[in-house]
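# A look at the structure
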Amino acid sequence: MIDLEALSKQLSAEVRKAVEAEAHKLQTTAGLSEMVCAILKKPMINYPSDVQVVLGVGRTTLHHIVKDDDTFPPLSEIGRRQFVNTQKFMDWVASKETGKAA
């Protein structure tokens, strides 16, 4: 015979886990969106860490993009850190989006 009470408890536990997982995923997405917005408000963004977050790519992929794309905005070096002008970076991203659409 099927134990309906045990089945109901198990189903409730699985639904609770699924809801918690979905809530965590939404919080993570919202946090990432807020981080990207904060990064793009800066006049200069840190290369490579901030650029990785904005583009959503890994470090190696980013270095290949920069190496292979002559139109990537020039990097400025301040001390030992590298930065890219946010406006020039956004113009570059926009040019890639329009190029992809064509």
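Before reading on, note that the structure itself is shown above.
Summarised in this report is the structure supplied together with it.

Calculation rules
Residue positions are counted from 1 within each chain, in the order its sequence is given. This being a predicted model, a pLDDT of at least 70 is required before a residue's local features are given, and a value of 80 or more before pairs of side-chain atoms are given or counted; all residues contribute to the totals for chains, interfaces and linings. To obtain the side-chain values, all non-hydrogen atoms of the structure were included, while hydrogens and water were left out. Only Phe, Tyr and Trp rings are paired, with Trp represented by its six-membered ring, and only when their centres lie within 6.5 Å; those with planes under 30 degrees apart are stacked, over 60 edge-to-face, the remainder tilted. Per the convention used, a helix needs a DSSP run of H or I reaching at least four residues, while a strand needs a run of E reaching at least two, with both numbered from the N terminus. Exposure classes here rest on a 1.4 Å probe applied to the protein chains alone. A residue is buried below 20% of its type maximum, exposed above 50%, and partly exposed in between. Pairing between strands is defined by DSSP: at least two bridges between the two strands are required. Interaxial angles span 0 to 180 degrees and are taken between N-to-C directions of axes, which are lines fitted to C-alpha atoms, for helices over the stretch in contact. Patches draw on residues past 30% relative accessible area with no salt bridge. Two like charges within 9 Å are joined, as are two nonpolar side chains (Val, Leu, Ile, Met, Phe, Trp, Tyr) within 5 Å. The method behind every accessible area is Shrake-Rupley, applied with a 1.4 Å probe, and residues are considered shielded solely by the protein chains displayed. One side-chain nitrogen of Lys or Arg within 4 Å of one carboxyl oxygen of Asp or Glu is enough to make a salt bridge. We define the nonpolar core as a collection of buried residues of types Ala, Val, Leu, Ile, Met, Phe, Trp, Tyr and Cys that are connected through side-chain atoms lying within 4.5 Å of one another. Should any heavy atoms of two residues lie within 4.5 Å, those residues are counted as being in contact.

### Here we look at the packing of aromatic side chains
Counted by the stated rule, this structure contains 4 aromatic pairs. Summarising the aromatic geometry, the rings of Phe72 and Phe89 are spaced 6.3 Å apart at their centres and angled 70° between planes, so their arrangement reads as edge-to-face. In this pair, Phe72 is assigned in the loop between α3 (59-68) and β2 (75-78) and Phe89 in helix α4 (residues 86-101), connecting sequence segments 17 residues apart. The exposure class of Phe72 is buried, given its relative accessible area of 8%. One aromatic cluster is present, built from ring pairs that chain together Tyr47, Phe72, Phe89 and Trp92.

### Some thoughts on the sheet that holds β2
Strand order in the open sheet formed by 3 strands is β1-β3-β2, and the pairing between neighbours is antiparallel. Of all the strands in the sheet, just β1 (44-47) and β2 have a single pairing partner and so form its edges. Each strand axis lies, on average, 40° off the axis of its neighbour in the sheet, ignoring direction. Sheet analysis places β1 next to strand β3 (residues 81-85), joined by 4 bridges and oriented antiparallel. Pairing of Met44 across the sheet is with Asn85, part of β3.

### A short note on a nonpolar patch on the surface
Taken together, the side chains of Ile2, Leu4 and Leu7 make up a nonpolar region of the molecular surface, amounting to roughly 340 Å² of accessible area. Examined against the element boundaries, Ile2 turns out to sit in the segment before α1 (4-40). Taking relative accessible area as the criterion, Ile2 reaches 64% and is therefore assigned exposed.

### Observations regarding unusual backbone geometry
Of note, the amide linkage connecting Tyr47 to Pro48 takes the cis form, showing an omega dihedral of 10°. Inspection of the secondary structure puts Pro48 in the loop between β1 and α2 (49-55).

### A look at the pattern of salt bridges
Counted according to the given criterion, the structure contains 4 salt bridges. The residue Glu14 makes a salt bridge to Lys17 at a minimum N-O spacing of 3.8 Å. Separated by 3 residues within a single helix, Glu14 and Lys17 lie in helix α1, roughly one turn from each other. Overall, Glu14 belongs to the partly exposed group, its relative accessible area being 43%. What makes Lys17 exposed here is its relative accessible area of 52%.

### A few points about the nonpolar core
Membership of the largest hydrophobic core is limited to 10 residues, which are Ile39, Ile45, Tyr47, Val51, Leu62, Phe72, Val84, Phe89, Trp92 and Val93. Every element with two or more residues in this core is listed here: β1 and α4. Examining the composition of this core, we find that 3 residues originate from one element, α4, more than from any other. Every residue in contact with Tyr47, bar those within four places of it in the chain, is listed here: Leu62, His63, Val66, Leu75, Gln82 and Phe83.

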